[in-house]
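# Structural characterization, general
These are the residues of each chain, in order.
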Amino acid sequence: MLKRINAVLPELIWGILIYGIVIQLAGVWFVSDKLRYSSGLWIGIALAVGMAIHMAVVLNDAADIAAEEAARKRVIFQSTLRYAMVVILFFLVAYFKLGDLVTLFFGVMGLKAGAYLQPLTHKVILKLTGRSDASLSEKNNEDRR
């Protein structure tokens, strides 16, 4: 289903999750409050995955809108809404002490890390499935028709 929205979205999500696992394993041993460390991190990772899906859906919808000005307004509104949700979530986590805010921030930054890891996850997924870039691009061209 995610590939119908954007072909690289599953790879981006895998990169975010791999980043989350690495940060979890690297840091949990050095903090005293392991529960808040982990909950803050995974709330941030979940938010990063949600943001990635939301961005892909918004861009896909904007591409379908014929009027350029309407598409631009929609993208701007949805981007503002997405960042407002991040700020609200930070306040909720801080107010209810659901997790550590620093690791929450590191989790949200998983979106950036996932974007940088996407070429690597793409290559790994191709090797694991036994496909090549050429066969994948042909399949994507067929899906678009």
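Now for a description of the structure that goes with this document. Because the structure is a prediction, the values reported are computed rather than measured.

Rules and cut-offs
- Residues numbered from 1 in each chain as written.
- Predicted model: local features only at pLDDT ≥ 70, side-chain atom pairs only at ≥ 80, totals over all residues.
- Heavy atoms only, no water.
- Buried < 20%, exposed > 50% of the residue type's maximum accessible area, 1.4 Å probe, protein only.
- Helix = DSSP H or I, 4+ residues; strand = E, 2+ residues; numbered from the N terminus.
- Arc of directions from axis to C-beta.
- Contact = heavy atoms within 4.5 Å.
- 1 Å grid on protein atoms, 1.4 Å probe; cavity = no way out; pocket = protein on both sides within 12 Å on 5 of 7 lines; lining within 4 Å.
- Points joined across faces, edges and corners; volume = space filled by probe spheres on them.
- Nonpolar A, V, L, I, M, F, W, Y, C, P; charged D, E, K, R; others polar.
- Phe/Tyr/Trp six-rings, centres within 6.5 Å; stacked < 30°, edge-to-face > 60°.
- Salt bridge = Lys/Arg side-chain N within 4 Å of Asp/Glu carboxyl O.
- Core = buried A, V, L, I, M, F, W, Y, C linked by side-chain atoms within 4.5 Å.

One turn of the α-helix equals 3.6 residues, which is why residues spaced by three or four share an orientation. Among the residues of helix H5 (residues 101–108), Thr103, Leu104, Gly107 and Val108 are the ones counted as buried. The buried residues of H5 all sit within an arc of 145° when viewed along its axis, so they share a single face. Tucked into the core, H5 has its buried residues touching helix H3 (34–64), helix H4 (68–96) and helix H6 (110–129).

Approximately 180 Å³ is the volume found for the second largest pocket. Together, Met51, Met55, Tyr83, Val86, Phe90, Phe105, Val108, Met109, Leu111 and Lys112 line the second largest pocket. Among the elements that take part in the lining of the second largest pocket, H4 stands out by supplying three residues, more than any other. Residue composition of the lining of the second largest pocket, by class: nine nonpolar, no polar and one charged.

With that settled, the discussion passes to the packing of aromatic side chains. Evaluation of the coordinates by the stated rule reveals two aromatic pairs. A ring pair is formed by Tyr95 and Phe96, whose centres lie 4.9 Å apart and whose planes are at 85°; its orientation type is edge-to-face. Taking 6.3 Å as the distance between ring centres and 50° as the angle between the ring planes, the aromatic pair formed by Phe105 and Phe106 counts as tilted.

This part takes up the environment of Gly40. Within the secondary structure, Gly40 is located in helix H3. Distance in space between the C-alpha atoms of Gly40 and Gly99 is 3.9 Å, their sequence separation being 59 residues. Residues in contact with Gly40, not counting those within four places in the same chain, are Gly99, Asp100, Thr103 and Leu104.

The subject of this paragraph is the pattern of salt bridges. Considering all chains together, one arrives at two salt bridges under this definition. Salt-bridge contacts for Asp61 lead to Arg74; the nearest nitrogen and oxygen are separated by 3.2 Å. Taken as a pair, Asp61 in helix H3 and Arg74 in helix H4 lie far apart in primary sequence, 13 residues in all.

Among the nonpolar cores identified, the biggest contains 17 residues, and Leu9, Leu12, Ile16, Met51, Ala52 and Leu111 are the most heavily contacted of them. Residue assignment for this core shows that the elements contributing at least two residues are helix H2 (9–27), H3 and H6. At eight residues, H3 tops the list of elements feeding residues into this core.

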